[in-house]
Amino acid sequence: MLIFTLRRLSLFFFTMLLLTLLSFSLNFLFPGETIINLTGAINATPSQLIEINEAYQTHRNIFWQYITYLKHIANGDLGLSMASQSSISTEIVTLLPATIELSLVALYIAMLVGIPLGFIAAIKHSKLTDNLILSISMLGYSIPVFWLGLLAILTFSISLGWFPSAGQISLLFEIKPVTGIQFIDILLSDSPYKWQAFSDATAHIILPACVIAVAPTTIFIRLARTSMIEVLDTSYIRAASAKGLTFQQIIFRHAIRNSLIKIIRHVGLQFANLITIAMVTEVIFSWPGIGRWLIESIYQRDYTAIESGLLVLSCFIFVVHILTDFIYAALNPLARGNKYGAR
Amino acid sequence: MNLLDIRNLSIELIHDDQRILAVDKVSLSMKEGEVRGVVGESGSGKSLLAQALVGVLDDKWHVHADRFHWRGVDLLRLSIDERKALLSRDVAMIFQEPMACLDPTTSIGEQLTEAIDSSQLTGYFWQRKKQRQSAAIKLLHKVGIKNHQACLTSYPHQLTEALCQRVMIAIALARRPILLIADEPTAAMENTNEGQIFRLLASLNQLKNMSILLISHDLETITHWTNTITVMYSGQFVEAGTTAQIFGKPLHPYTRALVDSSPSANLHLPAKSRLKTLPGSIPILQHLPIGCRLGPRCPRAQQACVKAPTVTNFHGHKVSCHFPLTPLKSTPKKTRKGTS
């Protein structure tokens, strides 16, 4: 297990190195002066510019420039936003937790709904239930998310009035940010209206999270269905039924774990897709997350923000990817430890 | 009373509105304590027959039989659930490729303990787990695994193929079956392991009077271990009798060819000469010949062979052929070679 962890960490390290290389090269590809793109100091006086050039070592060759850039990132200095002239790293620290919260809740909903539905479809393979679930998932997959978001606001917040249409929490509640993750902050705060705030935040998150979850859910349905059909066709399932286990026992003791292993691998991959959907949804629901901020930066040609935002988001996706790898290893004894005869 | 009595069992494959008769009217009967071998080339429907007996075939296979008696109980009159309950209590099965038949993500101990029927256990539910554990260890000892602790905690991929087969046998024994169906238990195993597995099965037969249905493609290996043998070809019944009858004086041209094709029968051939085999190969399921399916390959085929032959019985030696090799009276053993 230690070797497995070390391998994943080294993979993380080298992928991050490549990502920084990409974001560093973006400075040269964007229009405008490289050093301004890198730091976002558009209003700098000539004397400040000299200082900045010194800090980023522009007089040396490109390799050393890259190393200094890495040093700045490691110190948490991502430059200034071109649009607001405030530090990007502080903006990201305040915005990223909201996105993490929203996307994890959406992923949770997608897995909780999609995987069991897929299993049911596989068990009732090529019967009415299966066809029904498949056609619903097809429908869910084909609806564009921006339209679905608007439709959801129209029905659930305007005509029915069940959920609020925008924001993360009502402005009435004053929650001091400690961790940045709203729900944890609410629980940590000593406000007398703690539980009202909690239910209000829950009402705010349900609609956007469901809208984000629709497309991944349909993908999980398909993944779960195919993997379950595959597993049910294997010889160990036949052997299990030959040894006298009932169908329920076979499903719960053997089939579910084996098909989950096949699905978990894809969850990490689907997460990148989910983040993309989350960015669009954040704009629609005015969610104060990094996705909306990134899209606004793109509108404003805020190159420094685009570059750092991409770096942070891809880092987050990669962390989730590695976490799913660990879950995979926990479920699958074949992935842990040494293979037979591989020493 | 027969332990198992099956008459005219047919298995059909429904595929794209096409009905393919994979197993065509095969009869099989077994006595208590008997070791019966089922022999045939790969694709002759032996495994299908075994899986149909235990009831683990998919929906795309349709099984039909004229008679299916298990220890005097007519199984055709029972509902599917009752039949399954009865058979899973009394019949156990081990498969070829044992490693693929064990769940790769569950430890051996868990898979072994869940096979133990809770009716065998006594005491309250908090004592059950311990009882199951000790029962599992006993089962492992029975199949000759001494290092039980390491075996129970390991996963299938950490064991060898032969050990996995022993575990499969232990799982099969957990319900104390009366009949054990072994579907090519030693396929893809070295000779020493093969011998061990067969010796284990033989000792189970002798010590516990457990009947064994041994399925194999290799006539010569299983003759050492069986009392009676049924030969199948391309889903049809060919010949059945005691091992001595089948091996000593086969009546069917196909059995004769099988016996002659074994290495020991070919020992006296001059070097670099061709081994004795039937011409051609087993027909594919989409293009089965009518009548006797051996027809196109049979050295004794005549016009009558386009109709399927009926089974004739010579003193318990059953054969399904229009022109059996040595009809009615038994012939001396020296004519064994050269007739085909």
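No experiment lies behind these values; they were computed from the predicted model shown.

Okay, the overall build of chain A next. A tally of regular secondary structure across chain A gives 13 helices and 0 strands. Each helix and strand of chain A, ordered N terminal to C terminal, gives the series α-α-α-α-α-α-α-α-α-α-α-α-α. For chain A, the spread of C-alpha atoms along the principal axes amounts to about 85 × 65 × 40 Å. The long-range share in chain A, meaning contacts at least 24 apart out of those at least 6 apart in sequence, stands at 71%.

This brings us to the overall build of chain B. Each helix and strand in chain B was counted, giving 10 helices and 13 strands. The dimensions of chain B, computed from C-alpha atoms along their principal axes, are 70 × 50 × 40 Å. A separation of at least 24 residues holds for 66% of the contacts in chain B among residues at least 6 apart in sequence.

A few words on the packing of helix α5 (residues 88-123) of chain A against helix α11 (residues 247-284) of chain A. Residues and elements named next belong to chain A. Relative to each other, α5 and α11 sit at 140 degrees, their axes nearing to 9 Å. Classified by the interaxial angle, the pair formed by α5 and α11 is oblique. Crossing of α5 against α11: the hand is right-handed. Here T99, L102, S103, A106, L107, M111, I115, F119 and I123 of α5 lie close against α11, whose contacting residues are I251, I256, I263, V267, F271, L274, I275 and A278.

Our focus in this paragraph is the interface of chain B and chain A. Listed by partner, the interface residues are 21 residues for chain B and 19 residues for chain A. If you list the elements that add at least two residues to the side of chain B that touches chain A, you get β7 (91-94) and α3 (108-115) of chain B. A per-class count over the side of chain B that touches chain A returns 12 nonpolar, 5 polar and 4 charged.

With respect to the element layout, L334 of chain A can be found in the segment after α13 (303-331). For L334 of chain A, the residues in contact, after removing those within four places along its chain, are P104 and H157 of chain B.

This brings us to the nonpolar core. Within the largest apolar cluster, 151 residues are counted, with the highest numbers of intra-cluster contacts made by M93, A170, I181 and L213 of chain B. A total of 19 residues in this core trace back to one element, the largest contributor, which is helix α9 (residues 194-232) of chain A. With residues up to four places along the chain from it excluded, the contact list for M93 of chain B reads A242 of chain A together with A50, V54, A172, I181 and D183 of chain B.

Our focus in this paragraph is the packing of helix α7 (residues 145-159) of chain A against α11 of chain A. Residue and element names in this part refer to chain A. Between α7 and α11, the least distance of the axes is 10 Å, while the angle of their chain directions is 35 degrees. Here α7 runs over α11; the crossing is right-handed. Across the interface between the two elements, V145, F146, G149 and L150 of α7 pack against I277, V280, T281 and I284 of α11. Residue classes in the contact of α7 with α11 are distributed as 6 nonpolar, 2 polar and no charged.

Residue and element names in this part refer to chain B. The predicted model of chain B averages 81 in pLDDT, with 95% of residues at 70 or higher. Contacts of residues 330-340 to residues separated by more than four positions or lying in other chains number 10 contacts, the stretch itself having pLDDT below 50. Predicted complex, confidence summary: ipTM 0.75, pTM 0.80.

Attention now moves to the pairing of strand β3 (residues 35-39) of chain B. Within β3 of chain B, 5 of the 5 residues are buried, leaving the element largely enclosed by the surrounding structure. Burial along β3 of chain B is two-sided: V35, G37 and V39 of chain B and R36 and V38 of chain B, pointing in opposite directions, are all buried.

With respect to the helices and strands, the residue L269 of chain A is situated in helix α11. In this structure L269 of chain A comes out as exposed when scored by C-beta crowding, with 12 C-beta atoms within 10 Å.

All names here are of chain B. Its 18 residues place the ends of helix α7 (residues 191-208) 25 Å apart at the C-alpha level, agreeing with the 26 Å of an ideal helix rising 1.5 Å per residue. The set of residues buried in α7 consists of I197, L201, L204 and N205. Down the axis of α7, the buried set is contained in an arc of 100 degrees. They therefore lie on one face. For α7, the exposed residues set more than 90 degrees away from the buried face come down to N191, T192, Q206 and L207. Buried residues in α7 make contact with β3, α6 (161-173), β8 (179-183) and β9 (211-216). Phi for N209, located one or two positions after α7, is positive at around 55 degrees.

Further remarks concern unusual backbone geometry. Among all residues save glycine, negative phi is the norm, and among peptide bonds the norm is trans. With a phi angle near 50 degrees, N8 of chain B is a residue other than glycine that sits in the positive phi range. If you trace the backbone, N8 of chain B turns up in strand β1 (residues 4-15).

Conventions we followed
Residues numbered from 1 in each chain as written. Chains lettered and ligands numbered in written order. Predicted model: local features only at pLDDT ≥ 70, side-chain atom pairs only at ≥ 80, totals over all residues. Helix = DSSP H or I, 4+ residues; strand = E, 2+ residues; numbered from the N terminus. Contact = placed C-beta atoms within 7 Å. Axes fitted to C-alpha atoms, helices over the stretch in contact; angles between N-to-C directions. Parallel < 35°, antiparallel > 145°, perpendicular 65-115°, else oblique. Left-handed = near helix turned anticlockwise from the far one by under 90°. Nonpolar A, V, L, I, M, F, W, Y, C, P; charged D, E, K, R; others polar. Core = buried A, V, L, I, M, F, W, Y, C linked by C-beta atoms within 7 Å. Buried ≥ 20, exposed ≤ 12 C-beta atoms within 10 Å, placed from the backbone. pLDDT = per-residue confidence, 0-100. Expected span 1.5 Å × (residues − 1). Arc of directions from axis to C-beta.

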